[in-house]
Amino acid sequence: MARNAEKAMTTLARWRAAQEGGTQQQRTRRPYLASECEDLREAEKWRKQVISEIARKVSQIQNAGLGEFRIRDLNDEINKLLREKGHWEVRIKELGGPDYVRVGPRMTDMDGQEAPGNRGYMYFGAAKDLPGVKELFEQEPPAPPRKTRGELMKDIDADYYGYRDDDDGVLIPLERKAERKAIKTAIREYTNKKLASMTDGEEGSEADLRRMEAEEDEDDNSDDDEISLDETDERSEVQRFMAHVPNIPTQADIEAALVERKKRELLETFLGD
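What you are looking at is a predicted structure, and each value in this text was computed from that prediction instead of being measured.

A. A look at a negative patch on the surface. Together, Asp165, Asp166, Asp168, Glu175 and Glu179 make up a negatively charged patch on the protein surface. With respect to the secondary-structure elements, Asp166 resides in the loop between helix H7 (149-154) and helix H8 (171-200).

Take a look at the structure:
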């Protein structure tokens, strides 16, 4: 005869054990509505059970290889369990227990992220990288604030309108240099045209050509003299600085003025007008 342990492992024995334990399992199943529970300890137990299921599903949804449809289903189940957890917390407060909404730890806020405009629906783990969901979290950068008219007028001074540009001694020498260069180029072009016309014409002679070359050499020498004089003028212009204030106060003058002002304020305070 078979032993009792072997009898217990038969299919019929296991089926009978499942039938006998089914009624007890149905009695210990979590209620569908939190309002059906009237015991505070039972409500605490069901809340912990919901939290464990949330933690398990949050760990599962981190795997991006599950597929798009499975990830979406897991994300929906997590949001459903979160709502159920909120119902149990409200029921616990009604039964005289602690207010977990206010003092309870928020274990899912660090992983879940709520998309704008979804009214509390959160995305977890790989669900945040799904097509159509990733774009919800990519918000456009805010536009830079526009400046008021008063703020724009603060940056407008004499330099904005071009005043005092010639006072630094830099612009005028550059303009003179550019002007000399333009004059020299114009003279050279005119001389070349004149020489070309005299060469092509019948009245031209070698003496005229030599005379024109001598005049051009004299012009070049005079230009060199003008350039040397202008360079000395440029150095003097750079060294010269125009001051719009007659007498610029020194640091000692400013300190003496501050001390005098402080004395005057003290005398007015203690001695009156």
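B. Molecular detail of the pattern of salt bridges. In total, this model carries eleven salt bridges according to the counting rule given. Between Lys57 and Glu77 there is a salt bridge whose closest N-O contact spans 2.8 Å. With Lys57 in helix H3 (residues 40-60) and Glu77 in helix H4 (residues 68-94), this residue pair connects regions lying 20 residues apart in the sequence. By relative accessible area, which is 15% here, Lys57 ends up buried. Residue Glu77 is classed as partly exposed on the basis of its relative accessible area of 29%. A salt bridge links Glu94 to Arg91; the nearest nitrogen and oxygen atoms lie 3.0 Å apart. Residue Glu94 and its partner Arg91 are both found in helix H4; the two are separated by three residues, about one turn of the helix. Shared partners join several salt bridges into a network, and the residues in it are Arg30, Glu53 and Glu84.

C. Representation of the side chain of Glu44 in the model. Within the element layout of this structure, Glu44 appears in helix H3. Put simply, Glu44 is tucked away with no salt bridge, and the nearest opposite charge, on Arg47, sits 5.0 Å away. Leave out the neighbours within four places in its chain, and Glu44 touches Ile92, Pro98 and Tyr100.

D. Quick peek at H3. Helix length check: H3, at 21 residues, gives a terminal C-alpha distance of 31 Å against a target of 30 Å (1.5 Å per residue), a fit within 8%. Restricting attention to buried positions, one finds in H3 the residues Ala43, Glu44, Trp46, Arg47, Val50, Ile51, Glu53, Ile54, Lys57 and Val58. Where H3 begins, the capping side chain belongs to Asp39, and its oxygen is found 3.4 Å from the backbone nitrogen of Arg41.

E. Main features of the packing of aromatic side chains. Within this structure, the stated rule accounts for two aromatic pairs. Where Tyr121 meets Tyr123, the ring centres are 5.1 Å apart and the plane angle is 70°; that geometry is what we call edge-to-face. Here Tyr121 falls in the partly exposed class, since its relative accessible area comes to 21%. Measuring from ring centre to ring centre gives 5.2 Å for Tyr160 and Tyr161, while their planes differ by 85°; the resulting arrangement is edge-to-face.

F. Up close: the environment of Leu95. Its location among the elements puts Leu95 in the loop between H4 and helix H5 (100-103). Assessed through its relative accessible area of 25%, Leu95 is described here as partly exposed. Counting along the chain gives 54 residues from Leu95 to Arg41, while the straight-line C-alpha distance between them is 9.8 Å. Not counting residues up to four positions away in its chain, the partners in contact with Leu95 are Cys37, Glu38, Asp39, Leu40 and Ala43.

G. The nonpolar core, seen in detail. Counting residues in each nonpolar core, the largest one holds 23 residues, and the members touching the most others are Ile54, Ile61, Ile78, Trp88 and Phe124. If you list the elements that add at least two residues to this core, you get H3, H4 and strand E2 (122-123). Ranked by the residues each element gives to this core, the list is headed by H4, at seven residues.

H. Highlighting the packing of H3 against H4. Axis separation between H3 and H4 bottoms out at 9 Å; the angle between their running directions is 160°. The orientation of H3 relative to H4 falls into the category roughly antiparallel. At the point where H3 passes H4, the crossing takes the left-handed sense. Residues Leu40, Ala43, Glu44, Trp46, Arg47, Val50, Ile51, Glu53, Ile54, Lys57, Val58 and Gln60 of H3 pack against Arg70, Leu74, Glu77, Ile78, Leu81, Leu82, Glu84, Lys85, Trp88, Glu89 and Ile92 of H4. Taken together, the residues of the contact of H3 with H4 break down into 13 nonpolar, one polar and nine charged.

Quick notes on the rules
Residues numbered from 1 in each chain as written. Predicted model: local features only at pLDDT ≥ 70, side-chain atom pairs only at ≥ 80, totals over all residues. Heavy atoms only, no water. Patch = residues over 30% accessible without salt bridge, like charges linked within 9 Å, V, L, I, M, F, W, Y side chains within 5 Å. Areas by Shrake-Rupley, 256 points an atom, 1.4 Å probe, with all protein chains shown as cover. Salt bridge = Lys/Arg side-chain N within 4 Å of Asp/Glu carboxyl O. Lys, Arg positive; Asp, Glu negative; His and termini not counted. Charge placed at Lys NZ, Arg CZ, Asp CG, Glu CD. Helix = DSSP H or I, 4+ residues; strand = E, 2+ residues; numbered from the N terminus. Buried < 20%, exposed > 50% of the residue type's maximum accessible area, 1.4 Å probe, protein only. Contact = heavy atoms within 4.5 Å. Expected span 1.5 Å × (residues − 1). Polar contact = N/O pair within 3.5 Å; in protein donor to acceptor, adjacent residues only side chain to side chain. Phe/Tyr/Trp six-rings, centres within 6.5 Å; stacked < 30°, edge-to-face > 60°. Core = buried A, V, L, I, M, F, W, Y, C linked by side-chain atoms within 4.5 Å. Axes fitted to C-alpha atoms, helices over the stretch in contact; angles between N-to-C directions. Parallel < 35°, antiparallel > 145°, perpendicular 65-115°, else oblique. Left-handed = near helix turned anticlockwise from the far one by under 90°. Nonpolar A, V, L, I, M, F, W, Y, C, P; charged D, E, K, R; others polar.

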